[in-house]
Amino acid sequence: MSFLRKLEKTLAQGVQLVPEGIRHNVRCFALARLHPKGGFCGRSNEPDLYYTAFALRTLRLVDGLTLAVTRAVLPWLIQTPRPKTLVDLYSYCQCLALLVDCDDGAAKAAWQETRAYLAGTLADFCTPQGGYAAQRGASQASIYQTFLALMCYDLLDQPPPDAPKIIGWLAQQQREDGGFADVETVRLGGTNPTAAAIISWQRLGDIPLHVVTGAIKFLRFVYIPHCGFRAHTRIPIPDLLST
């Protein structure tokens, strides 16, 4: 089972413990952001690919991703310009995969038509070092972008090319404090890059014991008991995203 499937299963189990009144409010909030054009709005009043992916994932968890929503979003998604960034490519893959899971024939047809294109497009974001960059042809890879690329391959049900090279690049991103840095120029490990690196490495193969030991040491150091995790060692307080 892919990481995203495991994550969704875990979250779905937890969401069932949330009172129905709260889940109802979340459904209403998300559906209220559905634009007449078909996508979901974020901070602006126009539909946005990034926020549409979040909205569909949220509705899926709170039993709000209906066939009516699928049929409203799919035409907008199909006519959306091809993604230019890896974040948008991941959002596009996630949207289409979620719509396909609703068993709509049109979504499945669109999925089959675009899978090969999306997989081929991913290669444009790969750097010579093995990691993936935010923009096509960019030279600086990041752990976050590499994580998104691997999640895309999961959604497309295809193995990532040259896994050993990606692993080699990930290994270079681990710092002396045991954490992983998002990009090569950052000298300290970060909580979020460390989580993304470990998940990515697990997706590609077995993680050496010394890498796991270093990551655990780092995460224990940035953890504040009964509060949460700090973003890195020089931040004094925890935050929700890192936790």
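Conventions adopted
Residues numbered from 1 in each chain as written. Predicted model: local features only at pLDDT ≥ 70, side-chain atom pairs only at ≥ 80, totals over all residues. Heavy atoms only, no water. Helix = DSSP H or I, 4+ residues; strand = E, 2+ residues; numbered from the N terminus. Buried < 20%, exposed > 50% of the residue type's maximum accessible area, 1.4 Å probe, protein only. Expected span 1.5 Å × (residues − 1). Contact = heavy atoms within 4.5 Å. pLDDT = per-residue confidence, 0-100. Arc of directions from axis to C-beta.

Draft legend 1. Structural detail: the overall build of the protein. Regarding its fold elements, the protein presents 10 helices and two strands. Reading the helices (α) and strands (β) of the protein from amino to carboxyl end gives α-α-α-α-α-α-α-α-α-α-β-β. Expressed as lengths along the three principal axes of its C-alpha atoms, the size of the protein is roughly 50 × 45 × 35 Å. Taking all 243 residues of the protein together, the buried fraction comes to 46%.

Draft legend 2. Up close: unusual backbone geometry. One non-glycine residue with positive phi stands out, namely Asp63, at about 60°. Topologically, Asp63 is positioned in the loop between helix H3 (49–61) and helix H4 (67–79). Looking at Asp63, the relative accessible area reads 54%, which means it is exposed. The backbone of Asp157 sits at a positive phi, close to 55°, despite the residue not being glycine.

Draft legend 3. Just helix H7 (residues 143–155), in detail. Its 13 residues place the ends of H7 18 Å apart at the C-alpha level, agreeing with the 18 Å of an ideal helix rising 1.5 Å per residue. Burial within H7 is extensive, with 12 of its 13 residues counted as buried. By the burial criterion, the buried members of H7 are Ile143, Gln145, Thr146, Phe147, Leu148, Ala149, Leu150, Met151, Cys152, Tyr153, Asp154 and Leu155. The secondary structure elements touched by the buried residues of H7 are helix H1 (3–15), helix H5 (86–100), helix H6 (105–122), helix H8 (163–172) and helix H9 (191–204). Where H7 ends, the next residue or the one after it, Asp157, has phi of about 55°, a positive value.

Draft legend 4. Spatial organisation of the confidence of the model for the protein. Summary statistics for the protein give a mean pLDDT of 93 and a share of 99% for residues scoring 70 or more. Per-element mean pLDDT across the protein ranges from 84 in H6 up to 97 in helix H10 (residues 209–222).

Draft legend 5. Quick look at H10. Its 14 residues give H10 an end-to-end C-alpha distance of 20 Å, which sits within 8% of 20 Å, the value for a rise of 1.5 Å per residue. Considered for burial, the residues of H10 that qualify are Val211, Gly214, Ala215, Phe218 and Val222. The buried residues of H10 occupy an angular sector of 95° when the element is viewed end-on, so they sit on one face. Turned more than 90 degrees away from the buried face of H10, the exposed residues are Leu209, His210, Lys217 and Arg220.

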